[in-house]
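Structure assessment
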Number of protein chains: 2
Amino acid sequence: MVHSPTVALKPPTYADVERAAQTLEGVAHRTPVLTSQSLNKTLGAEVFFKCESFQRTGAFKFRGAYNALSNLSSAHKKAGVVAYSSGNHAQAIALSGQLLGISTTIVMPHDAPSAKRAATEGYGAQVVLYDRYTEKRDEIAARLAEQHGLALIPPFNHPDVIAGQGTAGKELFEQVGELDAFLVCMGGGGLVSGCALAASVLSPACEMYGVEPEAGNDGQLSFRSGKIVTIDPPRSLADGAVTTAVGDLTFAIMQKNLKDVLTVSDQALVETMQWFAQRMKLVVEPTGCLAAAAVMQGGLAIKPGMRVGVLVSGGNVDLASYGQLMAGSINAS
Amino acid sequence: MVHSPTVALKPPTYADVERAAQTLEGVAHRTPVLTSQSLNKTLGAEVFFKCESFQRTGAFKFRGAYNALSNLSSAHKKAGVVAYSSGNHAQAIALSGQLLGISTTIVMPHDAPSAKRAATEGYGAQVVLYDRYTEKRDEIAARLAEQHGLALIPPFNHPDVIAGQGTAGKELFEQVGELDAFLVCMGGGGLVSGCALAASVLSPACEMYGVEPEAGNDGQLSFRSGKIVTIDPPRSLADGAVTTAVGDLTFAIMQKNLKDVLTVSDQALVETMQWFAQRMKLVVEPTGCLAAAAVMQGGLAIKPGMRVGVLVSGGNVDLASYGQLMAGSINAS
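Residues numbered from 1 in each chain as written. Chains lettered and ligands numbered in written order. Predicted model: local features only at pLDDT ≥ 70, side-chain atom pairs only at ≥ 80, totals over all residues. Heavy atoms only, no water.

**Overview of the overall build of chain A**
Within chain A, the regular secondary structure consists of 14 helices and 10 strands. For a compact globule of 333 residues, the expected C-alpha radius of gyration is about 20 Å, and chain A comes in at 19 Å, within 12% of that figure. Burial status across chain A gives 59% buried among its 333 residues. Across chain A, contacts joining residues at least 24 apart in sequence account for 73% of those joining residues at least 6 apart. Counting every atom, chain A has about 13200 Å² of accessible surface; 48% of that belongs to carbon and sulfur. (Helix = DSSP H or I, 4+ residues; strand = E, 2+ residues; numbered from the N terminus. Rg over C-alpha atoms; globule rule 2.2 N^0.38 Å. Buried < 20%, exposed > 50% of the residue type's maximum accessible area, 1.4 Å probe, protein only. Contact = heavy atoms within 4.5 Å. Areas by Shrake-Rupley, 256 points an atom, 1.4 Å probe, with all protein chains shown as cover.)

Below, the structure written as structure tokens:
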């Protein structure tokens, strides 16, 4: 039986986001906000893209990871941390550990792309491989945590992680002022709930939306039914949003602060990736296209003059499959 | 016999660049300067990428085109302008005309990609097609100019075009201060000569380099021999730099202000495009990779602590071939 690392933890507040911003000052990049005049003309609205693809490690995850590691007890800082991820959370934890002098262990499937493993090791993390068909990564991580006294840093359901991610939203409001709507991609809900905390203080009238892949609509089911729904592992190009359930902490914030949770198809993600490349000159990973796709493909009803924030969460792609998606030689699954 | 439009024109000075900057204020984007911590660590230097891929129309060409159109006589403003280009200059002229209320005619090969033709027409230009096997575009443009009293705006060999492009360099020095070296891609030399004017005043000790594709080394041959050399039409992925000769105005500035002209292979361009996508999350067209490739592939000898400016000229790509280059499914020619 593995103990949840979030037992007895409370959802963070905006004060935690403010503290996280101080922690991240001069460490995380203040990422740019980009706009497209042609899109704004087409929509009759103003859309602001907050580009976390330019964040360190190529995704917003660095904010939450660095904040969480900074807030560890000195015993845990000395012992080190463990996390399980084959994606952006892994690199974020690894780089944060390197910067803070905290040793990091990442539990990764044995068939993870070698480039991701190399990147994580490049930031100084120790990678522990597991067989995804016979072993459970959370159990391995929990065992390592127990055996070596390590702090387990979950990818989203942790107050310091949520507060760290919220600094992306805080920055956006500081950069462009209040908004009518703000759309944020959603897997476990760490980013959207953190950003919702920022909106609740910096732009109280702003309607907050989470955006998921159609195939992985657990957050929508949960939000609309009022209780956390767990789905089977979904298949989507948006590999950062194929969680099976949101967390109890993220869900508490979502319930209180979101207007709705929207979904978009994988085909819409591909078209949005192509639009980003062609019109914005940006490489955006599929998960990073979720919020933009909801704006451009009609998931959100745009009213004239509306000011809309869109979180572009990351730009880490496998060049081979990215190239194929750009060339149109493979379709969305 | 077609009269050159540059007869009796003198090379611009830095004062012209300053005037162009005033003209472009609030019209052209002040494009961002991006850096890569991992590249800087690898090189032991500081490299500043001036990203004109984020300029209006996706390339620096807008600066020169808008400046040139703004400075036309009122008779020419009324009559309109003509230009020949199948690439970034066409869209730059078209958008500038639309913004200034000047009618524009673009002479384009009949087999130009339909997307480029559509983009140019989308900015309100009239497109005149010609058969590239039986007709000469400069003669057609000159005839149109004569028949309708249009001003012919050449792509690089014009004082107002050079001064406009120079504002990109001026901005870079304002954004990051003085530099030890500044590398700029080079076709006809409009951008590098404009930037050299900016460097000569804002960072006098900065060594200026033009960078060409290996196959199109007319600028290198000209610079090193001291007279303009014309080559056969070169073949390179860098389609914005396949000119056969630099202009007399650009050459005069180059001779006085450049340290050297470097060349890079098409294979280096592909690797640099991939690096931009993977590490910087930027879509950069092949021509836009010339200067960066010279820095990353050893064309320029980097000394420890050196501060190096790199002009990223544009991000306009055909998605199909871009995707193939990213996926590695086609090689450099």
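**Some remarks on the relation of the copies chain A and chain B**
In this arrangement, two copies of a chain are superimposed by a rotation about an axis accompanied by a shift along the axis. Superposing chain A onto chain B requires a rotation of 180° together with a translation of 0.0 Å along the rotation axis, leaving an RMSD of 0.0 Å. Viewed as a symmetry operation, the transformation between the two copies matches a two-fold axis. Within chain A, Gly323(A) has its C-alpha nearest the rotation axis, a separation of 1.9 Å. A high fraction, 100%, of the interface residues of chain A reappear at the interface in chain B, so the copies pair face to face through one surface. (Least-squares fit on C-alpha atoms with pLDDT ≥ 70 in both.)

**Structural notes on the domain arrangement of chain A**
Note on interface size: it is often stated as the accessible area lost on association of the parts. Residue and element names in this part refer to chain A. Domain assignment breaks chain A into domain 1 (14-60 + 158-326) and domain 2 (62-152). Each of domain 1 and domain 2 has a C-alpha centre, and these two points are 24 Å apart. In this complex, domain 1 contributes 25 residues to the contact, which on the side of domain 2 involves 15 residues. Between domain 1 and domain 2, a total of about 1600 Å² is buried, with carbon and sulfur atoms accounting for 55% of that surface. Our enumeration of links across domain 1 and domain 2 arrives at three salt bridges. Aspartate 239 is the salt-bridge partner of lysine 116, the closest N and O atoms lying 4.0 Å from each other. Those elements that provide at least two residues to the side of domain 1 that touches domain 2 are helix 1 (14-24) and helix 8 (159-176). Residue contributions to the side of domain 1 that touches domain 2 peak at eight residues, all from helix 8. (Domains from an automatic or database assignment. Buried area = accessible area lost by both parts, 1.4 Å probe. Salt bridge = Lys/Arg side-chain N within 4 Å of Asp/Glu carboxyl O.)

**Regarding the interface of chain A and chain B**
The interface of chain A with chain B comprises 24 residues on the first partner and 24 residues on the second. Summed over both sides, the interface of chain A with chain B buries roughly 1900 Å², with 60% coming from carbon and sulfur. On inspection of chain A and its partner chain B, the count reaches zero salt bridges. Seen at the junction of chain A and chain B, the total is 10 residue pairs in polar contact (both at pLDDT 80 or more). Secondary structure elements with two or more residues in the side of chain A that touches chain B: helix 12 (266-280) and helix 14 (319-327) of chain A. Per-element tally for the side of chain A that touches chain B: the top contributor is helix 14 of chain A, with seven residues. Tallied by class, residues from the side of chain A that touches chain B come to 12 nonpolar, 10 polar and two charged. (Polar contact = N/O pair within 3.5 Å; in protein donor to acceptor, adjacent residues only side chain to side chain. Nonpolar A, V, L, I, M, F, W, Y, C, P; charged D, E, K, R; others polar.)

**Side note on the pairing of strand 8 (residues 207-213) of chain B**
Residues and elements named next belong to chain B. Burial of strand 8 is extensive: six of the seven residues sit out of reach of the surface. Bridging between strand 7 (residues 181-185) and strand 8 involves five bridges; their strand directions are parallel. Looking at the pairing, cysteine 185 lines up with valine 211 of strand 8. For the crossover that starts at strand 7, traverses helix 9 (residues 190-202) and ends in the parallel strand 8, the hand is right-handed. (Pairing = 2+ DSSP bridges. Right-handed = clockwise from strand over helix to strand, strands pointing away.)

**Here's the deal with the pattern of salt bridges**
All names here are of chain A. All chains considered together, the criterion is met by 22 salt bridges over all chains. Where arginine 63 meets glutamate 52, a salt bridge forms, and the shortest distance between an N and an O atom there is 2.7 Å. You can see arginine 63 sitting in helix 3 (residues 61-70) and its partner glutamate 52 sitting in the loop between strand 2 (46-51) and helix 3, a full 11 residues away along the chain. Glutamate 52 shares its class with arginine 63; the two are buried. Beyond isolated ion pairs, a larger network of salt bridges with shared partners links Lys50, Glu52, Arg63 and Glu171.

**Here's the deal with helix 14 of chain A**
What helix 14 of chain A keeps buried is the set Leu319(A), Tyr322(A), Gly323(A), Leu325(A) and Met326(A). Each buried residue of helix 14 of chain A lies within a common arc of 160° when the element is viewed along its axis, so the set occupies one face. Packing partners of the buried residues in helix 14 of chain A comprise helix 12 of chain A together with helix 12 (266-280) and helix 14 (319-327) of chain B. Two residues or fewer after helix 14 of chain A comes Gly328(A), characterised by a positive phi angle close to 75°. (Arc of directions from axis to C-beta.)

**Overview of the sheet that holds strand 8 of chain B**
Residue and element names in this part refer to chain B. Spatially, six strands are ordered 1-2-10-7-8-9 in an open sheet, and the strand pairing comes out mixed. In this open sheet, the two strands that pair with only one neighbour each are strand 1 (33-34) and strand 9 (258-264). Pairing analysis gives six bridges linking strand 8 to strand 9, with the strands arranged parallel. Within strand 9, the position partnered with methionine 208 by the bridge is leucine 258. Helix 8 (residues 159-176) rests against strand 1, strand 2 (46-51), strand 7 and strand 10 (307-312) of the sheet, and its axis sits at about 135° to strand 2. (Axes fitted to C-alpha atoms, helices over the stretch in contact; angles between N-to-C directions.)

**Thoughts on the packing of aromatic side chains**
Residue and element names in this part refer to chain A. Taken as a whole, this structure holds 10 aromatic pairs over all chains when the rule is applied. For the ring pair phenylalanine 49 and tryptophan 275, a centre distance of 5.8 Å and an interplane angle of 45° mean the geometry is tilted. In this pair, phenylalanine 49 is assigned in strand 2 and tryptophan 275 in helix 12, connecting sequence segments 226 residues apart. Classification of phenylalanine 49 by relative accessible area gives buried; the value is 1%. Using a relative accessible area of 17% as the deciding quantity, one classes tryptophan 275 as buried. Taken together, Phe49, Trp275 and Phe276 form an aromatic cluster joined through their ring pairs. (Phe/Tyr/Trp six-rings, centres within 6.5 Å; stacked < 30°, edge-to-face > 60°.)

**Some points on unusual backbone geometry**
Phi is positive for Thr57(A), close to 70°, though the residue is something other than glycine. Along the chain, the position of Thr57(A) falls in the loop between strand 2 and helix 3.

**Examining the packing of helix 5 (residues 88-100) of chain A against helix 6 (residues 114-122) of chain A**
Residue and element names in this part refer to chain A. Taken N-terminus to C-terminus, the directions of helix 5 and helix 6 make an angle of 15°; their axes are 8 Å apart at the nearest point. Between helix 5 and helix 6, the interaxial angle falls into the category roughly parallel. Considering only the axes of helix 5 and helix 6, their crossing is left-handed. The segment helix 5 lies against helix 6, with Ala90, Gln91, Ala94 and Gln98 engaging Ala119, Thr120 and Gly122. (Parallel < 35°, antiparallel > 145°, perpendicular 65-115°, else oblique. Left-handed = near helix turned anticlockwise from the far one by under 90°.)

**Some points on the nonpolar core**
Formed by 154 residues in total, the largest nonpolar core has its most connected members in Phe49(A), Tyr322(A), Phe49(B) and Tyr322(B). In contact with Tyr322(B), other than residues within four places in its own chain, are Val283(A), Tyr322(A), Met326(A), Met273(B), Ala277(B), Leu282(B), Val283(B), Val284(B) and Val317(B). Formed by 26 residues, the second largest nonpolar core is a distinct cluster that contains Ala28(B), Phe62(B), Ala65(B) and Val161(B). (Core = buried A, V, L, I, M, F, W, Y, C linked by side-chain atoms within 4.5 Å.)

**Some thoughts on the sheet that holds strand 4 (residues 104-109) of chain B**
Residues and elements named next belong to chain B. Spatially, the four strands line up as an open sheet ordered 5-4-3-6, and their pairing is parallel. Edge positions in the sheet fall to strand 5 (126-130) and strand 6 (151-152), since each of these pairs with one other strand and no more. Where strand 3 (residues 81-84) lies against strand 6, two bridges are found, and the strand directions are parallel. Within the sheet, the bridge partner assigned to valine 81 lies in strand 6 and is alanine 151. Along the sheet, helix 7 (residues 137-148) contacts strand 3, strand 4, strand 5 and strand 6; its crossing angle with strand 3, the most-contacted strand, is approximately 175°.

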